[in-house]
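Each chain, written out:
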Amino acid sequence: MIVQHHVPLLAFNTFRIAATADALVHIADESDIHALLADPKWAAADKLVLGGGSNIVLTGNVKLLVLKVDIMGKKRVNETAKAFVVEAGAGENWHDFVIWTLAQNMPGLENLAMIPGTVGASPVQNIGAYGVELQDRFDSLDAIDLQTGHVFTLNAAECAFAYRDSIFKHAPTGLKDKAMILRVRFALPKSWTPSLGYADLEKKMAEQNCPQPDAQQVLRWVCDLRRAKLPDPSVVGNVGSFFKNPTVTPQQFTNIIAHHPKMVYYRLTNGDIKLAAGWLIEACGLRGKTVGQVGVYEKQALVLVNQGGAATGAEVMTLAKTIQHRVHERFGIRIEIEPVVI
Ligand code: EPU
């Protein structure tokens with residue numbers, strides 16, 4: 001376990017913002033955490049857990065001790081009457097893990113293909129795409145308490161999953177920066193059926209006259225959809241959706257839709273209505289809007305991109321606040337930033 005000093009974070013955040021960490025340590029195993037806690041200086045330091053850096057915005061140099069998660073390994077660990085249980089180390093690349101499960105004939109994660117980031121980050125924001133959320137396939141996870149070194153297991157209810165949310169996003173009541181996820185287990189259904197409820201997938205099915213796709217077909221469609229709409233973070237710096245889709249009550253919705261009949265929305269099972277934040281931003285004329293090197297992505301207004309390579313966190317936040325302000329001014333709706341701002 002070696003703590004490095006003044007470490008450039010450019011390669012460790014997918015928005016590709018230049019910032020440094022005062023101190024950074026690679027965690028390959030839980031014994032590295034135990035070694036860290038045995039040193040009083042590092043035991044007392046405030047810590048930041050960093051996975052693939054695909055859901056963070058750096059607004060300056062990081063004074064916290066950065067724990068770069070490099071815990072690897074993936075295997076089938078259990079089998080129930082209904083599901084195969086597979087486990088992956090928190091440092092595994094998410095998309096590679098999805099591909100591996102399909103290659104092992106254990107489908108179920110194909111709708112979540114190509115989401116940037118690591119396995120360990122996937123429960124933190126309860127990643128979701130094309131009608132499936134991580135919580136739909138989640139079994140349990142192991143995490144380590146960053147003060148005591150105690151390893152504990154959480155089931156789905158204990159993770160308090162919600163839309164792009166979990167106990168790991170909250171402080172001081174939750175586990176944000178208090179615990180590090182070590183391993184995540186997924187329950188992949190033995191009697192798999194495709195999840196095709198999302199409009200874009202229904203369109204693909206109709207276009208290609210393929211009413212009963214297998215998992216590999218769904219995987220190809222999801223990858224095609226993402227390539228068409230979302231920037232590849234290895235080419236253009238970004239952190240995926242920059243805002244959450246806001247939810248409104250039926251009363252609020254009736255009022256808003258009367259004034260904006262073309263608004264895109266989805267009805268939730270509890271009666272509330274989720275609005276497409278990308279549509280709201282576009283309707284404010286903000287598609288393509290820039291602040292310095294940061295811009296609203298031309299093909300999907302919910303995504304902010306690093307256009308020149310030298311974007312700063314301050315530019316990102318100025319543009320984000322402008323968008324929030326304009327959407328509120330026009331629609332009376334507050335849209336919430338989705339990534340973690342540091
Ligand atoms: N839309 C516009 N203009 C835009 C963007 C979207 O009008 O610029 C409208 C379109 O009508 C479109 C609808 O909004 O049909 C929904 O757009 P899309 O299917 O792209 O989905 P989204 O609601 O914008 C969410 C997730 C994405 C996920 C997609 C697909 C959130 C915050 N984002 O986006 O997740 O890939 O659905 O399931 O829920 C991420 O979290 O980083 C992410 C990319």
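The coordinates are above.
Residues numbered from 1 in each chain as written. Predicted model: local features only at pLDDT ≥ 70, side-chain atom pairs only at ≥ 80, totals over all residues. Heavy atoms only, no water.

### A closer look at the overall build of the protein
- Across its full length, the protein carries nine helices and 20 strands.
- Rg of the C-alpha trace for the protein: 21 Å, near the compact-globule value of 20 Å for 342 residues, within the 12% margin.
- Here the C-alpha coordinates of the protein stretch approximately 60 × 50 × 35 Å along the principal axes.
- Once local pairs closer than 6 in sequence are excluded, the contacts in the protein between residues at least 24 apart make up 60%.
- A total accessible area of about 15700 Å² is found for the protein, and carbon and sulfur atoms account for 51% of it.
- Across the protein, the mean location of the 34 positive side-chain charges is 5 Å away from that of the 33 negative side-chain charges. (Helix = DSSP H or I, 4+ residues; strand = E, 2+ residues; numbered from the N terminus. Rg over C-alpha atoms; globule rule 2.2 N^0.38 Å. Contact = heavy atoms within 4.5 Å. Areas by Shrake-Rupley, 256 points an atom, 1.4 Å probe, with all protein chains shown as cover. Lys, Arg positive; Asp, Glu negative; His and termini not counted. Charge placed at Lys NZ, Arg CZ, Asp CG, Glu CD.)

### As for the environment of Gln 125
- Mapped onto the elements, Gln 125 comes out in the loop between helix 3 (94–103) and strand 8 (128–129).
- Taking the C-alpha atoms as reference points, Gln 125 and Ala 162, 37 residues apart in sequence, are found 8.4 Å from one another.
- With residues near it in sequence (within four places) discarded, Gln 125 still touches Asn 55, Arg 164, Asp 165, Lys 169 and Glu 338.

### Some thoughts on helix 5 (residues 199–207)
- Those residues of helix 5 that fall on the buried side of the exposure criterion are Asp 200, Leu 201, Lys 204 and Met 205. The arc enclosing the buried residues of helix 5, seen along the axis, measures out at 145°, which places them on a common side. Facing away from the buried side of helix 5, by more than 90 degrees, are the exposed residues Ala 199, Lys 203, Ala 206 and Glu 207.
- Those residues of helix 5 that are buried lie in contact with helix 6 (215–229).
- Positive backbone phi, approximately 45°, marks Asn 209, located one or two places after helix 5. (Buried < 20%, exposed > 50% of the residue type's maximum accessible area, 1.4 Å probe, protein only. Arc of directions from axis to C-beta.)

### Observations regarding the nonpolar core
- Core analysis: the biggest nonpolar cluster contains 46 residues, and Phe 242, Ile 281, Leu 304 and Ile 323 have the highest contact counts within it.
- In terms of residue count, helix 9 (residues 313–331) provides more of this core than any other element does, seven residues in total.
- The contacts of Ile 323, once residues within four sequence positions are left out, are Phe 243, Ile 281, Leu 286, Val 296, Leu 304 and Ile 335.
- Grouped together as the second largest cluster of nonpolar side chains are 44 residues, Trp 100, Ile 115, Trp 192 and Val 222 included. (Core = buried A, V, L, I, M, F, W, Y, C linked by side-chain atoms within 4.5 Å.)

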